[in-house]
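Architecture at a glance
Given next are the chains, with one letter for each unit.
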Amino acid sequence: IVVCVSYLFFTNAYLMSKFTINFKISKLLMSIEEVEEQEERILKRIDSWGCMKNCGACCKLGPIESRPDLGEYLDSDELAEYKSMIGTDNWCINFDQEKRLCKIYDSRPNFCRVDQKQFKKMYDVDNEDFVDFCTFCCREQITDVFGETSQEFSNYEDLLIDLSIEEANVDLEMDEDDHETKIE
């Protein structure tokens, strides 16, 4: 009887550890698939904010009269460069409207970059407010360019929901890991 109980105990422990390993592997594979799916939709990600591919709302630079505050956060050289990039249709001359991609993405000017240091310099946005500020700006620009009922706006809202859920799951997993560490 002792041998049978021991055998059942070790068999059960083995099966449970195998189940746990398989569960963690399947979770990891799902995470990899989710990351790949996100990469198809996102140009840049910072926490629960993402720059959505196939949008380009921020590349609608004009009309210049609609941006009277540019001189407040761009120096004279940057302002001159900004103005020189506005095409006759008010879109950036470096934006491929058909593909919805920046033709100079890797060498674009600093004022085109979403970066915490750059936003601190331009808009005096602190790091803890950065994600909320970016989200607000994207919503405003997408609404102004495409409209609040546009597919672009809907896609952006869906992206934000997905990123928020993902952030919450990461936080939850970190809490679970902390809990597991305390038990062991």
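Computed from a predicted model, the values in this text were never measured in an experiment.

**Observations regarding the confidence of the model for the chain**
With 71% of its residues at a pLDDT of at least 70, the chain reaches an overall mean of 80. Long-range and interchain partners of residues 179-184, a stretch whose pLDDT sits below 50, account for 1 contact in this model, where long-range means more than four residues apart.

**Looking at helix 5 (residues 130-146)**
Its 17 residues give helix 5 an end-to-end C-alpha distance of 24 Å, which sits within 8% of 24 Å, the value for a rise of 1.5 Å per residue. Along helix 5, the residues classified as buried are Phe130, Val131, Cys134, Thr135, Gln141 and Ile142. Seen along its axis, helix 5 keeps its buried residues to an arc of 140°; they face one direction. Relative to its buried face, helix 5 has exposed residues pointing more than 90 degrees away, namely Asp132 and Asp144. Two residues or fewer after helix 5 comes Gly147, characterised by a positive phi angle close to 105°.

**Section: the packing of aromatic side chains**
Evaluation of the coordinates by the stated rule reveals 8 aromatic pairs. Measuring from centroid to centroid gives 5.1 Å for Phe119 and Tyr123, while their planes differ by 75°, and the two rings are edge-to-face. Placement of both Phe119 and Tyr123 in helix 4 (residues 116-123) is noted, with a separation of 4 residues, approximately one turn of the helix. Residue classification places Tyr123 among the partly exposed positions, given a relative accessible area of 30%. One aromatic cluster is present, built from ring pairs that chain together Tyr73, Phe119, Tyr123, Phe130 and Phe133. Positioned above the aromatic ring of Tyr105 is the side chain of Arg108, whose terminal nitrogen or guanidinium carbon lies 3.8 Å from the ring centre.

**A look at unusual backbone geometry**
Residue Pro63 is reached from Gly62 by a cis peptide bond, and omega for that bond is 5°. Along the chain, Pro63 turns up in the loop between strand 2 (49-52) and helix 2 (70-73). Positive phi, close to 75°, is recorded for Asn90, a residue that is not glycine. By the secondary structure assignment, Asn90 is in the loop between helix 3 (76-84) and strand 3 (95-96).

**Concerning the side chain of Arg108**
Note that Arg108 resides in the loop between strand 4 (101-102) and helix 4. Although Arg108 is buried, it forms no salt bridge, and the closest oppositely charged side chain is Asp106 at an N-O distance of 5.4 Å. Within the structure, Arg108 has its side chain in polar contact with the backbone oxygen of Tyr105 (distance 2.5 Å).

**Describing the nonpolar core**
If you look at the biggest cluster of nonpolar residues, it comprises 17 residues, and the most contacted ones within it are Ile46, Trp49, Val114, Phe130, Cys134, Ile142 and Tyr156. At the level of secondary structure, the elements contributing two or more residues to this core comprise strand 1 (42-46), strand 2, helix 5 and helix 6 (151-183). For this core, the element with the highest residue contribution is helix 6, accounting for 5 residues. Ranked by size, the runner-up nonpolar core spans 13 residues in total, among them Tyr82, Trp91, Cys92 and Phe95.

**A short note on the pattern of salt bridges**
Applying the stated criterion to the full structure yields 5 salt bridges. The partner of Glu152 in a salt bridge is Arg100, with the nearest N and O atoms 2.8 Å apart. Of this pair, Glu152 sits in helix 6 while Arg100 sits in the loop between strand 3 and strand 4, and the two are 52 residues apart along the sequence. Assessed through its relative accessible area of 25%, Arg100 is described here as partly exposed. The partner of Lys120 in a salt bridge is Asp126, with the nearest N and O atoms 2.8 Å apart.

Rules of the game
- Residues numbered from 1 in each chain as written.
- Predicted model: local features only at pLDDT ≥ 70, side-chain atom pairs only at ≥ 80, totals over all residues.
- Heavy atoms only, no water.
- pLDDT = per-residue confidence, 0-100.
- Contact = heavy atoms within 4.5 Å.
- Helix = DSSP H or I, 4+ residues; strand = E, 2+ residues; numbered from the N terminus.
- Expected span 1.5 Å × (residues − 1).
- Buried < 20%, exposed > 50% of the residue type's maximum accessible area, 1.4 Å probe, protein only.
- Arc of directions from axis to C-beta.
- Phe/Tyr/Trp six-rings, centres within 6.5 Å; stacked < 30°, edge-to-face > 60°.
- Lys NZ or Arg CZ within 6 Å of the ring centre and 35° of its normal.
- Lys, Arg positive; Asp, Glu negative; His and termini not counted.
- Salt bridge = Lys/Arg side-chain N within 4 Å of Asp/Glu carboxyl O.
- Polar contact = N/O pair within 3.5 Å; in protein donor to acceptor, adjacent residues only side chain to side chain.
- Core = buried A, V, L, I, M, F, W, Y, C linked by side-chain atoms within 4.5 Å.

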